[in-house]
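Observations on chain architecture
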Amino acid sequence: MIVLPGATCRHTNTSESAGPVDDMPAPHVQITRSEAAARLAHDLSHTHCRGCGAYHAVWPYLRLIDPPRGVDADRDRLMRVLSPLLDAGTTVLLAGSADAGLAECVLDAAAERPVDLTVLDLCETPLRQCLALLGGRAAGRLRTQQGSITGAPVTPPVELIVAHSVLSFLPAEDLPRAGAFMGQSLQTGGRLVMTTSIGRSAPALSTAHHRQHVLSQLSARGVPLPGGEAEFAELLDAYTAGRAERRGPFDDLDALQRWLADAGLAVETIEDLRRGTGFDAAGRPVPRASKGVLVVARKGGCG
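Report follows, based on the coordinates. The shown structure was predicted, so the numbers you read here are calculated from the model rather than taken from an experiment.

Helices and strands together make up the secondary structure of the protein chain, namely 9 helices and 9 strands. Within the protein chain, the proportion of its 303 residues that are buried is 50%. Considering only contacts within the protein chain whose residues lie at least 6 apart along the sequence, 78% involve residues at least 24 apart. With an accessible surface of roughly 13500 Å², the protein chain has 50% of that area assigned to carbon and sulfur atoms.

Structure follows, in structure tokens:
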């Protein structure tokens, strides 16, 4: 058991001047590194989130309990796909980041190879998490950029874009702009590695059952809740309400492939992930109807 130390990192390309990330207050009991990272996310969300505070405060705590979700559920397959695409100096853009999990996965896939990694997100909270938690262990360069995947493409274009389930956060009318961003932000011959859900139905989540399940799981693991159970339960309910409204971006695989083609990207591989969970009437996690895929697409076609 360890306590995550505070970190002082420079934050670039944000609306605020760069400065140190506040040291986390020392807890009264020892907590795991993952618990300390979740506490950091909670604290940062209170000062840096604008309308996304419940999501960024709660998500890292959900990663502490079963079943594995998000990047944790797809980590082995992502590592297998990413590793051969990462060489020393490879320029990588993370197109959206819930916390530091996706950046950590990319760095683990790179191993000792010093990649040039930029994390892009609308919110400062995950950007500051990446710098605080990973800045000292990146073999190459780790930078952050506050911005949108529906905005202007990054310059100069990069060799690899990694996106994990980010499109489900967009309204349908923004998907073409996101596709243009992906295509125009890649060098010719560059690749997009992306997970996304297929099937537009929203997950069936009962706020009360989800709250009961999560709180009981965290309690069983002895995870201390910031602000106490009542405050965390309020954040959790807000997260659940937002999650229940989030639908998959594509009706079927054909819709995904048309989106990629419109972006100027040719499919190399599509892998069926068959993952995702909802909750039954007792609050237990159960498989949900939609499936996920891991797609690798190349700008300029195959070969």
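For the rest of this paragraph, the subject is the sheet that holds strand E1 (residues 91-95). Pairing within the open sheet is mixed, and its 7 strands lie in the order E3-E2-E1-E4-E5-E9-E6. Looking at strand neighbours, the two that pair on one side only are strand E3 (141-146) and strand E6 (265-272), the edges of this open sheet. In this sheet, neighbouring strand axes are inclined to one another by 20° on average, regardless of whether the strands run parallel or antiparallel. Two strands pair when backbone bridges link them, and E6 and strand E9 (residues 291-299) are joined in this way by 7 bridges, in the antiparallel orientation. Bridge pairing in E9 places aspartate 272 opposite valine 293.

This paragraph deals with the side chain of aspartate 121. For aspartate 121, the position within the fold is in strand E2 (residues 116-121). Although aspartate 121 lies buried, it forms no salt bridge, and the closest oppositely charged side chain, arginine 128, sits 12 Å away as judged by the N-O distance. At 3.0 Å, the side chain of aspartate 121 and the backbone nitrogen of cysteine 123 are in polar contact. Beyond its immediate chain neighbours, meaning those up to four positions away, aspartate 121 contacts Gly96, Ser97, Pro126, Leu127, Gln145, Gln146 and Gly147.

As a further point, take the pairing of strand E4 (residues 158-164). Of all 7 residues that make up E4, 6 are buried, and the element is covered over most of its length. Of the pairings in the sheet, the one linking E1 to E4 comprises 3 bridges and is parallel in character. Paired with valine 92 across the strands is leucine 160, a residue of E4.

Another point: the layout of surface pockets. In this approach a probe as big as a water molecule rolls over the atoms, and the regions it shows empty are the leftover space. Empty space within the second largest pocket amounts to approximately 340 Å³. In terms of lining residues, the second largest pocket is bounded by 16 residues, among which Ser34, Ala37, Arg63, Glu104 and Leu133 are the most central. Going through the elements one at a time, helix H1 (33-48), helix H4 (101-110) and helix H5 (124-134) are the ones with two or more residues in the lining of the second largest pocket. The dominant element in the lining of the second largest pocket, judged by the number of residues it contributes, is H1, at 4 residues. Classifying every residue of the lining of the second largest pocket gives 7 nonpolar, 3 polar and 6 charged.

This brings us to helix H8 (residues 229-244). With 16 residues, H8 extends 22 Å between its outermost C-alpha atoms, agreeing within 8% with the 22 Å of an ideal straight helix rising 1.5 Å per residue. Within H8 the residues assigned to the buried category are Phe232, Ala233, Leu235, Leu236, Tyr239, Thr240 and Arg243. Buried residues of H8 fall within an arc of 165° about the axis and therefore sit on the same side. For H8, the exposed residues lying more than 90 degrees away from the buried face are Ala230 and Glu234. Each element contacted by the buried residues of H8 is listed here: H1, helix H2 (53-62) and helix H7 (207-220).

Looking at where valine 162 falls in the secondary structure, it is placed in strand E4. Classification of valine 162 as buried rests on a relative accessible area of 1%. Here the alpha-carbon distance between valine 162 and leucine 192, two residues 30 residues apart in the chain, equals 6.0 Å. Those residues in contact with valine 162, other than ones at most four positions away along the chain, are Leu82, Val92, Leu93, Leu94, Ala95, Leu102, Val106 and Val193.

Right, let's get into the packing of aromatic side chains. According to the stated counting rule, one finds 5 aromatic pairs in the structure shown. Judged by centre distance (5.3 Å) and plane angle (75°), the rings of tyrosine 55 and phenylalanine 169 are edge-to-face. Within this pair, whereas tyrosine 55 is found in helix H2, its partner phenylalanine 169 is found in the loop between E4 and helix H6 (175-185), the two being separated by 114 residues in sequence. Residue tyrosine 55 is classed as buried on the basis of its relative accessible area, which comes to 16%. Ring geometry for tyrosine 61 and phenylalanine 232: centres 5.1 Å apart, planes at 70°, overall edge-to-face. Note that tyrosine 61 is positioned in helix H2 and phenylalanine 232 in helix H8, a separation of 171 residues in sequence.

Below, the discussion takes up the state of the cysteines. Per the counting criterion, the structure on display carries 0 disulfides. Cysteine 123 provides the cysteine sulfur closest to cysteine 52, a residue in no disulfide bond, and the two sulfurs are 3.6 Å apart. Under the relative-accessibility criterion, cysteine 123 is labelled buried at 5%.

Grouped together as the largest cluster of nonpolar side chains are 35 residues, with contacts concentrated most on Leu82, Leu86, Val92, Leu94 and Leu117. Of all the elements in the fold, those that place two or more residues in this core are H1, helix H3 (71-82), E1, H4, E2, H5, E4 and E9. Setting aside chain neighbours within four positions, we find leucine 94 in contact with Leu102, Ala103, Val106, Leu117, Thr118, Val119, Leu120 and Val162. Counting residues in each nonpolar core, the second largest holds 28 residues, with Leu93, Ala178, Ile198 and Ala255 among its members.

Quick notes on the rules
- Residues numbered from 1 in each chain as written.
- Predicted model: local features only at pLDDT ≥ 70, side-chain atom pairs only at ≥ 80, totals over all residues.
- Heavy atoms only, no water.
- Helix = DSSP H or I, 4+ residues; strand = E, 2+ residues; numbered from the N terminus.
- Buried < 20%, exposed > 50% of the residue type's maximum accessible area, 1.4 Å probe, protein only.
- Contact = heavy atoms within 4.5 Å.
- Areas by Shrake-Rupley, 256 points an atom, 1.4 Å probe, with all protein chains shown as cover.
- Pairing = 2+ DSSP bridges.
- Axes fitted to C-alpha atoms, helices over the stretch in contact; angles between N-to-C directions.
- Lys, Arg positive; Asp, Glu negative; His and termini not counted.
- Salt bridge = Lys/Arg side-chain N within 4 Å of Asp/Glu carboxyl O.
- Polar contact = N/O pair within 3.5 Å; in protein donor to acceptor, adjacent residues only side chain to side chain.
- 1 Å grid on protein atoms, 1.4 Å probe; cavity = no way out; pocket = protein on both sides within 12 Å on 5 of 7 lines; lining within 4 Å.
- Points joined across faces, edges and corners; volume = space filled by probe spheres on them.
- Nonpolar A, V, L, I, M, F, W, Y, C, P; charged D, E, K, R; others polar.
- Expected span 1.5 Å × (residues − 1).
- Arc of directions from axis to C-beta.
- Phe/Tyr/Trp six-rings, centres within 6.5 Å; stacked < 30°, edge-to-face > 60°.
- Disulfide = S-S within 2.5 Å.
- Core = buried A, V, L, I, M, F, W, Y, C linked by side-chain atoms within 4.5 Å.

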